[in-house]
Amino acid sequence: EPEVTQTPSHQVTQMGQEVILRCVPISNHLYFYWYRQILGQKVEFLVSFYNNEISEKSEIFDDQFSVERPDGSNFTLKIRSTKLEDSAMYFCASRDSGGNEQFFGPGTRLTVL
Amino acid sequence: AQSVTQLDSQVPVFEEAPVELRCNYSSSVSVYLFWYVQYPNQGLQLLLKYLSGSTLVESINGFEAEFNKSQTSFHLRKPSVHISDTAEYFCAAYGSSNTGKLIFGQGTTLQVKP
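For the structure given in this document, a descriptive report is provided here. (Residues numbered from 1 in each chain as written. Chains lettered and ligands numbered in written order. Predicted model: local features only at pLDDT ≥ 70, side-chain atom pairs only at ≥ 80, totals over all residues. Heavy atoms only, no water.)

Residues and elements named next belong to chain B. Among the structural elements, Arg 77 can be located in strand β9 (residues 73–78). A relative accessible area of 26% places Arg 77 in the partly exposed class. Separated by 14 residues in sequence, Arg 77 and Phe 63 place their C-alpha atoms 5.7 Å apart. Aside from chain neighbours lying at most four places away, what touches Arg 77 is Val 19, Glu 20, Gly 62, Phe 63, Glu 64 and Glu 66. In this structure the side chain of Arg 77 is engaged in a polar contact, spanning 2.8 Å, whose partner is the side chain of Glu 20. (Helix = DSSP H or I, 4+ residues; strand = E, 2+ residues; numbered from the N terminus. Buried < 20%, exposed > 50% of the residue type's maximum accessible area, 1.4 Å probe, protein only. Contact = heavy atoms within 4.5 Å. Polar contact = N/O pair within 3.5 Å; in protein donor to acceptor, adjacent residues only side chain to side chain.)

Written as structure tokens, this is what we have:
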């Protein structure tokens, strides 16, 4: 069964450093999403991406964040200069054009020290 | 504001007892509603969904949820829980935009005790 994969599973970084979180969506999906979940809190929408551009972003998704689909398979989230409050679990999700279900990856736990 | 509210942060229950996890949504979200389950140290898995049609939807592992438009609710129920049902449960809805953004509730921790 096809699935969304994410790497790494756990990333530890120093405050101010850049991180790139990687996702491989399901191959025939066209809509891509990033969400985050701060420990003990709810899952929050960050950004949606379709047709090689951002279709919607939340207030959280400020200039420090960017997304990219560098090739036909990967979908990345970059945080330019990490802050302590960026520590969270980051989930990637994808959806096909005809479906209503988003398929989630296992997440990347980002720890900013 | 678009919101999904889960009224209980934790629900402890004994094995084989019935359980209900409550979810209410604001009228400003769409009525595409979902329940996701998150087992410890794992990602989010879709449990069941309501898109249209019958207001009662079921999952393959015995959970069911009922869409109630007048009460803007989508409560999750199971008549008899197992230890393996211990997990975090999230109610979610699509936002009113057509980008597919999911709005999640705060989550409910279901703790099944032997």
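Read on for the rest.
Here the focus is the state of the cysteines. As enumerated under the stated definition, the model contains two disulfides over all chains in all. Disulfide pairing places A:Cys23 opposite A:Cys92 at an S-S distance of 1.9 Å. Torsion about the S-S bond of the A:Cys23 and A:Cys92 cystine: about -65 degrees, corresponding to left-handed handedness. Of this pair, A:Cys23 sits in strand β3 (residues 19–24) while A:Cys92 sits in strand β9 (residues 88–95); the two residues are 69 residues apart in sequence, bridging distant segments of the chain. For A:Cys23, a relative accessible area of 0% puts it in the buried group. Under the relative-accessibility criterion, A:Cys92 is labelled buried at 0%. Bridging B:Cys23 to B:Cys91, the disulfide has an S-S length of 2.0 Å. Here B:Cys23 and B:Cys91 share a disulfide; its torsion about the S-S bond, -65 degrees, makes the bridge left-handed. Of this pair, B:Cys23 sits in the loop between β3 (19–21) and β4 (24–25) while B:Cys91 sits in strand β10 (residues 87–94); the two residues are 68 residues apart in sequence, bridging distant segments of the chain. Across this residue pair, the class does not change: B:Cys23 and B:Cys91 are buried. (Disulfide = S-S within 2.5 Å.)

Turning our eyes to something else, we now look at the pattern of salt bridges. Residues and elements named next belong to chain B. Taken as a whole and judged by the stated rule, the model has six salt bridges over all chains. Of the charged contacts, one joins Arg 77 and Glu 66 as a salt bridge, the two residues approaching to 3.7 Å between their closest N and O atoms. With Arg 77 in strand β9 and Glu 66 in strand β8 (residues 64–68), the pair connects residues that are 11 residues apart, well separated along the chain. On the basis of relative accessibility, which here comes to 35%, the residue Glu 66 falls in the partly exposed class. The partner of Asp 85 in a salt bridge is Lys 78, and the shortest N-O contact between them spans 2.8 Å. On the basis of relative accessible area, Lys 78 is assigned to the buried category, the value being 7%. One network of salt bridges, in which partners are shared, links Glu 20, Glu 66 and Arg 77. (Salt bridge = Lys/Arg side-chain N within 4 Å of Asp/Glu carboxyl O.)

Listed per partner, the contact involves 17 residues of chain A and 20 residues of chain B. At the boundary of chain A with chain B, total buried surface from both sides reaches about 1,600 Å², with 54% on carbon and sulfur atoms. The largest per-residue losses of area from chain A upon contact with chain B belong to A:Lys42, A:Asn100 and A:Phe104, which jointly make up 33% of the total buried on that side. At the junction of chain A and chain B, the tally comes to one salt bridge. Salt-bridge contacts for B:Lys101 lead to A:Glu56; the nearest nitrogen and oxygen are separated by 3.1 Å. The tally of links from chain A across to chain B stands at seven residue pairs in polar contact (both at pLDDT 80 or more). Elements supplying a minimum of two residues to the side of chain A that touches chain B: β4 (31–37), β5 (43–50), β6 (53–57) and β9 of chain A. Each residue belonging to the side of chain A that touches chain B can be placed in one class, and the counts come to seven nonpolar, six polar and four charged. (Buried area = accessible area lost by both parts, 1.4 Å probe. Nonpolar A, V, L, I, M, F, W, Y, C, P; charged D, E, K, R; others polar.)

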